[in-house]
Amino acid sequence: MPDFDSTNHVYTRPPMTRGVDPQRMNWLWQLILQATDLDPSDVRAALVAAGVGGAEKRIASWQAREGDDNYFPLTIAELERNLRSVVAWKEKRAQQSEAEQS
């Protein structure tokens with residue numbers, strides 16, 4: 001098997017497979033959930049911990065298909081907030097776990 005020589009492989013940007021609307025990021029949210037071990041119940045807990053109200057209905061609406069009655073578009077700002085909330089929530093849980101083990 002030949003060694004990988006990065007000098008012979010120039011980075012090329014992959015083509016976008018869809019149009020990107022920053023006001024409709026539900027598809028990206030669903031892809032993130034599929035690609036990670038992120039559970040919607042953890043997202044709900046993280047959003048509640050961050051003081052975001054109505055998390056239960058919003059999370060369900062982000063997983064609905066466009067055209068469904070409970071569909072509501074997720075914005076790029078909400079997507080970022082969700083991910084930052086989950087990161088902060090996980091860090092806090094890890095710190096609490098360390099403190100309990102000490």
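Note that the structure is predicted; figures quoted are calculated from it, not measured. (Residues numbered from 1 in each chain as written. Predicted model: local features only at pLDDT ≥ 70, side-chain atom pairs only at ≥ 80, totals over all residues. Heavy atoms only, no water.)

1. Quick look at the pattern of salt bridges
When their charged atoms lie close together, side chains carrying opposite charge are able to pair. The cut-off we apply is this: The working definition used for a salt bridge is a side-chain nitrogen of Lys or Arg within 4 Å of a carboxyl oxygen of Asp or Glu. Helical segments are the DSSP runs of H or I of at least four residues, strand segments are the runs of E of at least two, and each set is numbered from the N terminus. Here's how the labels work: a residue is buried when its accessible area is under 20% of the maximum for its type, exposed when over 50%, partly exposed in between, all with a 1.4 Å probe on protein chains only.
Applying the stated rule across the entire model yields five salt bridges. Of the charged contacts, one joins Arg 58 and Glu 78 as a salt bridge, the two residues approaching to 2.2 Å between their closest N and O atoms. With a gap of 20 residues between them, Arg 58 in helix H3 (residues 55-63) and Glu 78 in helix H4 (residues 76-101) connect regions that are remote in the sequence. The two residues Arg 58 and Glu 78 agree in class, both being buried. A salt bridge links Arg 84 to Glu 80; the nearest nitrogen and oxygen atoms lie 2.8 Å apart. Taken together, the residues Arg 84 and Glu 80, both in helix H4 and four residues apart, mark about one turn of the helix. Each of Asp 21, Arg 24 and Glu 66 takes part in salt bridges that share partners, so that together they form one network.

2. Notes on the environment of Val 87
Along the chain, Val 87 falls in helix H4. Along the backbone, Val 87 and Val 43 are 44 residues apart, and their C-alpha atoms lie at a distance of 9.8 Å.

3. As for helix H2 (residues 40-49)
Quick note on the threshold: Comment: arc refers to directions from the helix axis out to C-beta atoms. By the convention used here, residues are in contact when the closest approach between their heavy atoms is within 4.5 Å.
Taken residue by residue, H2 has Val 43, Ala 46 and Leu 47 as its buried positions. Take H2 and look down its axis: the buried residues cluster within an arc of 95°, on one side only. Opposite the buried face of H2, at more than 90 degrees from it, the exposed residues are Val 48 and Ala 49. Next to the buried residues of H2 lie helix H1 (26-35), H3 and H4. Positive backbone phi, at 85°, marks Gly 51, one or two positions downstream of H2.

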